[in-house]
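Observations on the three-dimensional arrangement
One-letter residues, chain by chain:
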Amino acid sequence: MSQFSVPWQPKQPYSYGAPARAVIALARLTADIATPLLRRFPGPILIGAIVTVCLGVWAHALVFGYVDQRLLTQPVADAAAFSYFSPSTWGLSPTLLHARLEMAGGQGAALAGLLQYLLWPVQFQIVRDGIALGALFGLFNIIPVYVIWWERKVAGRIQSRVGPMRVGGWHGWAQSFADGIKLVLKEDLVPKEADGPLFRIAPYFTIIPTLVAFMALPLGATYVFRELDVALVFILGVLGVEVVGVIVAGWASNNKWSVYGAMREACQMVSYEIPMGMALLVPVVCVGSLNLRTIAESQAGGWFDWLAFSNPFAFVAFISYFIASLASCKRAPFDLPEAESELVAGFHTEYSGFRWALFFFAEYASMFVIAALAVILFLGGWNSPLPGSWGDALGDGLAAQGFKGLLFSGPIWLMLKSIFLVYVQIWLRWTLPRIRIDQVLYACVQVLLPLTMLLLLGATLWVWASTSDVGWWAVLTTIVTIILGLIGLVFAFGFVGIAAYGFYHRRRLVGNLVIDVLPGS
Amino acid sequence: MMSIGLTEYLVVAAVLFGAGIFTMITKRNAIGILIGVELVLNSANVNLVAFDRYLERCRIDGQILALVVIVLAAAEAAIAVGICINLYKNLATVDVDTAAKLRG
Amino acid sequence: MYCRGPEGTVLTKRLTAELAPSDSIGSSRLGGLWRLCGWGLAVAAVLVLVPEVRAQQKVIIEPTRVPYQSVEAPPSPLLEVLLFYAVAGSTVFGALAVCFTKNIVRMAVWLLVTLVSVAMLYFLLAANFIAAVQLIVYAGGTLILLIFGVMLTSKSPWVKFEPSKVEVVYAAAVCGLLVAVLAFILTATIWPPAQEQLDATTVADLGRSLMTTYVVPFEVAGVLLMIVMVGAAHLARQEKQSP
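Small disclaimer: the values here were computed from a predicted structure and weren't measured.

Some remarks on the interface of chain B and chain C
- Taken together, the contact pairs 75 residues of chain B with 90 residues of chain C.
- Of the roughly 7600 Å² buried between chain B and chain C, counting both surfaces, carbon and sulfur atoms make up 74%.
- Inspection of the region where chain B meets chain C yields one salt bridge.
- Between B:Arg28 and C:Glu167 there is a salt bridge, with the nearest N and O atoms lying 2.4 Å from each other.
- Here chain B is connected to chain C by six residue pairs in polar contact (both at pLDDT 80 or more).
- Every element with two or more residues in the side of chain B that touches chain C is listed here: helix H1 (6-26), helix H2 (30-54) and helix H3 (61-91) of chain B.
- Here the side of chain B that touches chain C gets 24 residues from one element, more than from any other, and that element is H3(B).
- A per-class count over the side of chain B that touches chain C returns 48 nonpolar, 15 polar and 12 charged.

Here's the deal with the packing of aromatic side chains
Residue and element names in this part refer to chain A.
- If you walk through the whole model with that rule in mind, you get 30 aromatic pairs over all chains.
- With a centroid separation of 4.9 Å and 20 degrees between ring planes, the pair formed by Trp303 and Phe309 is classed as stacked.
- Overall, Phe309 belongs to the buried group, its relative accessible area being 6%.
- With 6.0 Å between their ring centres and 65 degrees between their planes, Tyr423 and Phe495 make a pair best called edge-to-face. With Tyr423 in helix H15 (residues 411-429) and Phe495 in helix H17 (residues 471-504), this residue pair connects regions lying 72 residues apart in the sequence.
- The class for Tyr423 is buried, based on a relative accessible area of 19%.
- An aromatic cluster of three or more residues is present, and its members are Trp150, Phe420, Tyr423, Trp427 and Phe495.

Quick look at the interface of chain C and chain A
- Every contact between the two is made by 30 residues of chain C and, on the other side, 32 residues of chain A.
- At the boundary of chain C with chain A, total buried surface from both sides reaches about 2800 Å², with 85% on carbon and sulfur atoms.
- The interface formed by chain C and chain A holds one salt bridge in total.
- For the side of chain C that touches chain A, the elements supplying multiple residues, two or more each, are helix H4 (78-100), helix H5 (104-124) and helix H6 (128-152) of chain C.

What about the environment of A:Gly237?
All names here are of chain A.
- Note on placement: Gly237 falls in helix H8 (residues 231-252).
- Taking the relative accessible area as the measure of exposure, Gly237 reaches 1% and is therefore buried.
- Placed 24 residues apart in sequence, Gly237 and Ala213 show a C-alpha to C-alpha distance of 9.1 Å.

Section: the nonpolar core
All names here are of chain A.
- In this structure, Phe214, Ile235, Tyr321, Leu373 and Phe378 are the most contacted members of the largest nonpolar core, which totals 188 residues.
- Here the element with the most residues in this core is helix H13 (residues 353-378); it accounts for 18 residues.
- Apart from residues no more than four positions distant in its own chain, Ile235 is found in contact with Ala213, Ala216, Leu217, Leu292, Val369 and Leu373.

Considerations on the side chain of A:Arg355
All names here are of chain A.
- Here Arg355 is to be found in helix H13.
- A polar side-chain atom of Arg355 sits 2.7 Å from the main-chain carbonyl oxygen of Arg200.
- Ignoring sequence-local partners within four residues, the contact set of Arg355 consists of Asp188, Arg200, Pro203 and Tyr204.

Conventions used here
Position numbers for residues start from 1 in each chain and track the written sequence from start to end. Whichever chain is written first becomes A and whichever ligand is written first becomes 1, with later ones labelled in order. Whole-chain, interface and lining totals are the exception, using all residues; otherwise, since this is a predicted model, local features are given only for residues with pLDDT of at least 70 and side-chain atom pairs are given and counted only at 80 or more. Hydrogens and waters are ignored; side-chain quantities use all the structure's heavy atoms. Contacts between residues were defined by any pair of non-hydrogen atoms, one from each residue, lying within 4.5 Å. Two parts placed together each lose some accessible area under a 1.4 Å probe, and adding up what both lose gives the buried area. Here a salt bridge means any side-chain nitrogen of Lys or Arg lying within 4 Å of a carboxyl oxygen belonging to Asp or Glu. By the criterion applied in these results, polar contacts are pairs of N or O atoms within 3.5 Å in which, for protein atoms, one can donate a hydrogen and the other can accept it, and in which residues neighboring in sequence qualify only through two side-chain atoms. Only runs of H or I of at least four residues qualify as helices and only runs of E of at least two qualify as strands under DSSP, and these elements are numbered from the N terminus. Note that Gly is not counted as nonpolar here; it falls among the polar residues with everything else outside the nonpolar set of Ala, Val, Leu, Ile, Met, Phe, Trp, Tyr, Cys and Pro and the charged set of Asp, Glu, Lys and Arg. Within 6.5 Å between ring centres, the rings of Phe, Tyr and Trp (the latter by its six-membered ring) count as paired, and their orientation is classed by plane angle as stacked under 30 degrees, edge-to-face over 60, tilted in between. Exposed residues in this analysis have more than 50% of their type's maximum accessible area, buried residues have under 20%, and partly exposed residues fall in between, with area computed by a 1.4 Å probe over protein chains only. Think of a nonpolar core as a cluster: buried Ala, Val, Leu, Ile, Met, Phe, Trp, Tyr and Cys residues, connected wherever their side-chain atoms sit within 4.5 Å.

Here it is, written out as structure tokens:
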């Protein structure tokens, strides 16, 4: 005890309840097991995790397809009366499923006894939606956690540091989890002069729209929670609602820096939204659909078929969309609303703890959504650079399906490309200085807007000319496609080459590498 | 009521309309009045889209009209906010009762 | 908030000077008798009009009533019913909250609730494109503009301009009556039977229709937007001319 005697009763130390202790013990156990393994085999574990997730996703699609095709060939009840909850359509009983399974054959009767109970729930839409929502929510959580960790690593490398190295062992892989626990445990402060209810609710206005955007965002031909025919416009609109949360947060904080941040966000939003929408119209004009699946599937023919490389206007539109999307995610050089060096922290100056974390989750998740949108619209979506028709020779067997999903098209490609674009956003943030608000408005309204208008006009004319039967037009299109595709290839290989060179010389000081070897020094 | 028909949507639209009119009457802040106008326009849009869905004759037409109304509402909001800001510059307030100079 | 200044500054004096005469406008200009006459006229009009509408309904709709009634409306799927009542409830709640909120920014937030709920109503009505446009234009554009306007014209917190209680009561009476009459007429009308479950209208259908049947409204809307753009720019430029 302390040497001072206090006249009041000393506070008893807080004792955690059984659930909290169990969670803490579980976390410690996980860390104790994972750390030595991760220290020793970081690479295999990373690759293994990716492959496991892919196989899991693939197996889930396979099970659903199996139930639909083999077991539910006869309609369960009146199809017109099919509904979500109604008891008349509570599907096949397990015994009936058993009979169907035996009829379908191939799986063996012994297995069927187990399968009938495993497969029974999967025939209901509500169960499938539950599974899908769980997966979606997991993705929604895991993406910001690792993008934040990665951003800190990239920032460290760019500034000749190493970034987080300690928490969890290998390269601080558990740093974001630790930060999350810390943020949840922190006190949730609401300033006395703030508008309490608005202040509390504003973070949810930013995070819920991002989650809703994930629901309409296809990750693969069949991996979408709800396929909308207007998915593109829907996602844009939903991300527009996100801005309201930022503005309300800034206003409700009742702090001049926050209000400045909110007003900058409002200004910026009004100016970037239009060029962004215009740039997104270019692929829509080229394909003739607002459905993201249709747009992605029209680019299945390999690298040179991707929209950014098959149409010069789409190529420029991709770049202008990317610039506008930086403003949309409040990323540097357009991070005016939260400019740390001018506005303390901008709109989230007064926030702390969990609500502050919500803002960051929303920002990083929307970075991913924006990047995935760019990939689907311009960079071939979930198709690999190899033409999909090469996979036809493999047939439709189980192994062939898995192989095709890994090599030719599948969520893994979309994830890889989107994560690359997210990486470019991070890279730009730590490379470029922040620009002034009037420069942002000038760039968006006076440069990007006329440019995207011209691009839209040009793309329309290009599509119109493509319908003509003139011989030289086909030749011209091919030449342009090849040139654009080669430019893209040069960029891709150049990037990979520089990255490989840097990895090979990773023991050298980063600054030396740039000064001595790389161009532009 | 286990069947959702035209009537239910129209009643919702009617409530929106009433709320919009109430807002327009009782608010003195010019932007508050603008918010009331937005509510009224939305109620009209709900009507149009409901007719589009439930009446054979209005197929497509209702949605087109709703699109035009949305465009008009956006335009109206832009101009009205501009006017409000000018009002504020000239009178230092957005109380609509103060802007009664033309009454003489 | 950010333009809050100490009391007694030039701004405050000017505000109070401007506001002082206008406090009495509501009661003095329009005498109580005249107001009573107006109300009497309004009530009389409603009392006359409602039976008239009912009679006309009987006259016009009665002949076609038989085929309509013979078709029993099919029960909607349970999910649709639940969703409708949830969304309609949030729409109505948001709209009423807009009415009764005093703080202008909170009004805008409730308006956001209403607008998003209305977008969900459009989804339930199988009008996906309108719903998405509602989200983009209203929730993303107009609402931001409104909040922006609020920020630029935010008043000092001690200057309150609120209507008198009497005014609120009158307004509530008028609007309540309006909604009641509308609801009465709407529920009393016999609408044609609902169609079969329809697929959502495709964007292609809408686009084709905009480019053929409705090309004139489409172009006029475009011209209107152009005019509005010029007008808004002009309004914004006024600042430079005034000293």
